[in-house]
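Fold and geometry: a report
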There are 2 protein chains.
Amino acid sequence: MNSQSNLKNDVFLRALQCQPVPYTPVWMMRQAGRYLPEYRATRAKAGSFLNLCQTPELACEVTLQPLARFPLDAAILFSDILTIPHAMGLGLQFETGEGPVIQRPVRSAADVSKLGVPDPYQELRYVVDAVSLIRRELAGRVPLIGFAGSPWTVATYCVEGGSSRDFAKIKAMMYQEPSTLHALLKVLTRATIEYLNAQIAAGAQAVMLFDTWGSVLTPSAYREFSLAYMAQIVAELKREAEGRVVPRVVFTKGAGPLLAEMAKLECEALGVDWMTDLSQARQWVGERKALQGNLDPSVLYASPDRIREEVVKVLASYGKGHGHVFNLGHGIHPAIPPDHAAAMIQAVHEFSPKYHA
Amino acid sequence: MNSQSNLKNDVFLRALQCQPVPYTPVWMMRQAGRYLPEYRATRAKAGSFLNLCQTPELACEVTLQPLARFPLDAAILFSDILTIPHAMGLGLQFETGEGPVIQRPVRSAADVSKLGVPDPYQELRYVVDAVSLIRRELAGRVPLIGFAGSPWTVATYCVEGGSSRDFAKIKAMMYQEPSTLHALLKVLTRATIEYLNAQIAAGAQAVMLFDTWGSVLTPSAYREFSLAYMAQIVAELKREAEGRVVPRVVFTKGAGPLLAEMAKLECEALGVDWMTDLSQARQWVGERKALQGNLDPSVLYASPDRIREEVVKVLASYGKGHGHVFNLGHGIHPAIPPDHAAAMIQAVHEFSPKYHA
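No experiment lies behind these values; they were computed from the predicted model shown.

Rules used in this analysis
Residues numbered from 1 in each chain as written. Chains lettered and ligands numbered in written order. Predicted model: local features only at pLDDT ≥ 70, side-chain atom pairs only at ≥ 80, totals over all residues. Helix = DSSP H or I, 4+ residues; strand = E, 2+ residues; numbered from the N terminus. Rg over C-alpha atoms; globule rule 2.2 N^0.38 Å. Buried ≥ 20, exposed ≤ 12 C-beta atoms within 10 Å, placed from the backbone. Contact = placed C-beta atoms within 7 Å. Pairing = 2+ DSSP bridges. Nonpolar A, V, L, I, M, F, W, Y, C, P; charged D, E, K, R; others polar. Axes fitted to C-alpha atoms, helices over the stretch in contact; angles between N-to-C directions. Parallel < 35°, antiparallel > 145°, perpendicular 65-115°, else oblique. Left-handed = near helix turned anticlockwise from the far one by under 90°. Least-squares fit on C-alpha atoms with pLDDT ≥ 70 in both. Core = buried A, V, L, I, M, F, W, Y, C linked by C-beta atoms within 7 Å. Bend = angle between axes of the 7 residues up to and from the residue. Expected span 1.5 Å × (residues − 1). pLDDT = per-residue confidence, 0-100.

1. Brief notes about the overall build of chain A
- Counting secondary structure elements, chain A contains 15 helices and eleven strands.
- Here the C-alpha atoms of chain A give a radius of gyration of 19 Å, agreeing with the 21 Å that 2.2 N^0.38 yields for 357 residues.
- Principal axes of the C-alpha set define a box for chain A whose edges measure 60 × 45 × 45 Å.
- Expressed as a percentage of its 357 residues, the buried residues of chain A come to 54%.
- Excluding contacts between residues fewer than 6 apart, the proportion of contacts in chain A whose partners are at least 24 apart in sequence is 71%.

2. Here's the deal with the pairing of strand β8 (residues 248–252) of chain A
Residue and element names in this part refer to chain A.
- Burial analysis of β8 places five of its five residues in the buried class, which makes it a mostly covered element.
- Neither face of β8 is left uncovered, since the one carrying R248, V250 and T252 and the one carrying V249 and F251 both have all their residues buried.
- Where β8 meets strand β9 (residues 269–271), two bridges bridge the pair, whose relative direction is parallel. Residue pairing for β9: V249 is matched across the bridge by A269.

3. A short note on the interface of chain B and chain A
- Facing 24 residues of chain B, the contacting portion of chain A comprises 24 residues.
- Per element, the largest residue contribution to the side of chain B that touches chain A is five residues, and it comes from helix α9 (residues 168–176) of chain B.
- Classifying every residue of the side of chain B that touches chain A by side-chain character gives twelve nonpolar, seven polar and five charged.

4. Overview of the sheet that holds β9 of chain A
All names here are of chain A.
- An order of β1-β4-β5-β8-β9-β10-β11 is seen for the seven strands of this open sheet, with the pairing classed as parallel. The open sheet terminates on both sides in strands that have one partner only, identified here as β1 (75–76) and β11 (324–328).
- Pairing analysis gives five bridges linking strand β5 (residues 206–211) to β8, with the strands arranged parallel. Following the sheet pairing, M208 is matched in β8 by V249.

5. Some thoughts on the sheet that holds strand β10 (residues 290–295) of chain B
All names here are of chain B.
- The sheet built from seven strands is open, its strands ordered β1-β4-β5-β8-β9-β10-β11 with parallel pairing. Of all strands in the sheet, those bounded by a partner on one side alone are β1 (75–76) and β11 (324–328).
- The strands touched by helix α7 (residues 125–138) within the sheet are β1 and β4 (144–149), with β4 carrying the most contacts at an inclination of about 155 degrees.
- In the packing of helix α10 (residues 178–202) onto the sheet, the strands contacted are β4 and β5 (206–211), and the crossing angle to β4 comes to about 170 degrees.

6. Regarding the packing of helix α8 (residues 151–160) of chain B against α10 of chain B
All names here are of chain B.
- Viewed as axis vectors pointing N to C, α8 and α10 meet at an angle of 120 degrees, and their least axial separation amounts to 9 Å. As the angle between them shows, α8 and α10 are arranged oblique. Crossing of α8 over α10 shows right-handed handedness. Where α8 abuts α10, its residues P151, W152, V154, A155 and C158 lie against L181, L184, L185, L188, T189 and T192.
- Of the residues assigned to the contact of α8 with α10, the class counts are nine nonpolar, two polar and no charged.

7. Examining the environment of R40 of chain A
- When you line up the elements, R40 of chain A lands in helix α2 (residues 37–46).
- By the C-beta count within 10 Å, which is 14 here, R40 of chain A ends up partly exposed.

8. Section: the relation of the copies chain B and chain A
- When chain B is brought onto chain A, the operation consists of a screw motion whose angular component is 180 degrees and whose axial shift is 0.0 Å, with 0.0 Å RMSD remaining. The transformation relating the two chain copies, once decomposed into turn and shift, fits a two-fold axis.
- Interface residue correspondence from chain B to chain A reaches 100%, placing this contact among same-surface, isologous pairings.

9. Some remarks on the packing of helix α14 (residues 304–318) of chain A against helix α15 (residues 338–351) of chain A
Residue and element names in this part refer to chain A.
- Closest axis-to-axis distance for the α14/α15 pair is 9 Å, and the angle between their directions is 40 degrees. Comparing the axis directions of α14 and α15 gives the class oblique. You can see that α14 and α15 cross each other, and the crossing is right-handed. Between α14 and α15, the residues in contact are P304, I307, R308, V311, V312 and L315 and H340, A343, M344, A347, V348 and F351, respectively.
- Within the contact of α14 with α15, the residues separate by chemical class into ten nonpolar, one polar and one charged.

10. Thoughts on the nonpolar core
- Core analysis: the largest hydrophobic core is formed by 254 residues, its most contacted members being I145 of chain A together with I145 of chain B.
- In contact with I145 of chain B, other than residues within four places in its own chain, are A74, A75, I76, L77, A204, A206, V207 and M208 of chain B.

11. Some thoughts on unusual backbone geometry
Residues and elements named next belong to chain A.
- Looking along the chain, the bond that leaves G293 and enters N294 is cis, with omega of -5 degrees.
- Looking at where N294 falls in the secondary structure, it is placed in strand β10 (residues 290–295).
- Positioned with a positive phi, R30 is a non-glycine residue whose angle comes to about 60 degrees.
- In this structure, R30 sits in the loop between α1 (11–16) and α2.

12. Thoughts on helix α11 (residues 219–235) of chain B
Residue and element names in this part refer to chain B.
- The sharpest bend along α11 comes to roughly 40 degrees, located at L227.
- For α11, the complete set of buried residues consists of P219, A221, Y222, F225, S226, L227, Y229, M230 and I233.
- The elements touched by buried residues of α11 are α8, α9, α10, β5, β8 (248–252) and α12 (259–262).

13. Some points on α15 of chain A
Residue and element names in this part refer to chain A.
- Helix length check: α15, at 14 residues, gives a terminal C-alpha distance of 20 Å against a target of 20 Å (1.5 Å per residue), a fit within 8%.
- Among all positions of α15, only A341, A343, M344, I345, A347 and V348 are buried.
- Contacts made by the buried residues of α15 are with β10, α14 and β11.

14. A short note on the environment of L295 of chain A
Residues and elements named next belong to chain A.
- Mapped onto the secondary structure, L295 falls in strand β10.
- Between the C-alpha atom of L295 and that of D273, which follows or precedes it by 22 residues, the distance is 7.6 Å.
- Beyond its immediate stretch of four places on either side in the chain, L295 contacts W274, E310, V311, V314, L328, G329 and M344.

15. A look at the confidence of the model for chain A
Residue and element names in this part refer to chain A.
- Averaged over every residue, the pLDDT of chain A is 96; residues scoring 70 or more account for 99%.
- Confidence drops under a pLDDT of 50 for residues 1–5, and excluding neighbours within four residues, the segment shows six contacts in the predicted structure.
- If you check the scores for this complex, the pTM reads 0.96 and the ipTM reads 0.94.

In structure tokens form, the structure reads like this:
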């Protein structure tokens, strides 16, 4: 029996390839996260966020938690976009309420020259093991998404030393010493290709690149420092595994009209945030790629009735066609009541079939 | 002698109206700010940021400081977009390193119902007096810009109680209780009209609306909760003063393709951040409005030579034509060396005349 027959719900994988589906599949960015009390319990048990990421059994446990509650059409590996700089030895800590801190930030050509490409089967073994374990525990219920941060986005943390509001340090490097930044992006790109291919080899059935900070760049800097490296990554990913295409999703938050340029990427789907209407995105991107998005995550603060109304608007904005994966435009907020997420998912399944008739 | 003849440099006002100018005028958002040691000295003398805003002599002093250093083509009133909620009695404090704090945030219809429209000649008298004083001290060197925050942007602080990353509280209100938010926006709109008209009456020769947070909204929410109120404001502003048109500039940071809709506003010019090329913005907006922008503020971290190269790119992106006011795409960062700002201003004056031949 081939593995494909093991997958009981392939609606998500088919939608990513614009193939006919009976309804619009749905998952949520950060669906395994703090809004779930069971996540908070496992997180407490783990002691630290990093330990949660690095313990395959715990990462598997939280990955599966939202699937036990909701009829989601995909699971996503529980991990973090900063596993690569961590594996490169830059030192990563998550301070409570502060976000990530890189203890040895990259500030010079000399700093970059010390960086090597981590071996995904050594320094990132815990991720590969988590993927294998999750696949086993999923038992074909839904596909598993693997992911990584875009080189630009990961580089912002490496250079700034953590989160930033104005990205002063990395932009100073970009404008003053672009070759240093390119060298950093190059090693991150190589690391990301090997990392994602290892995730695919271990069982990831789709992969997503998160470019959270691409939109802080001018359009020309975006092309040079973010898009070009993502293009290289998607072009070098394994195209198939287990006899099935492994769809690639690229998401630049805030891309807006740059979606028209992203449409040339060698990937199956593009993520769309809530600041762009899906109808507009579809015009920019054309019909050859699927779109994933794009409910404003803040809609989930409203009542279930209001949530349903807004879900209908997003479905209508995409309109008829099979290339839509419903999602939030960004990660679910920690204060959202789980019942509100349930209302969203239920509404997608209830109201979407008419767009696939 | 009429007042117009008193103005020695009207290049900025003419460019805002797309009238012929010999070069591209330039000013910088937050040009009176922390990157200047003389500003930091006055700020220290004032004791608090709020006291600096509220003391006309000190506000005048810092407004004029960048003009003493640089050949800028406009001055902008030193003030803050939160003077209106402060005048409404919501309590405003600026915590060091924390940004603004609204002590009595607006969370309910009852909270909104208590808000009145401040009398600009009473509660905001200090702003009107600062405008008069600055005009006198400017002695016609360059025009003075007055400003206010957009109702949506000011409302985010009123509801969140300060700065925010996810705007959870105001968006919860927007999706769940839109009539409460509309009531808040309505009173802020009325207050802003009276406030800006008082600034014009006191001598502001152009006015600008800062919509810093409009782009955190979906396009339809942007239209309903931000753009509609800005449209009302610009339509109700005094059209002329001292025998001269008072140009109106509207700036939504992150507007992107929404610039095409902003083009219908009754205003002379639109601000453009660095995430949109001016050539693209010009296509969206058309030739009837001037554009103000759009150098990435982080370019000023680079060397003067690199700054000059990037200035040339922005000038070339706008291309030939008179409707361009050079500016940064957002406020100048506090860590920028003043010499770098000087290099930018000098480059604009040096390289722009050929676009006006």
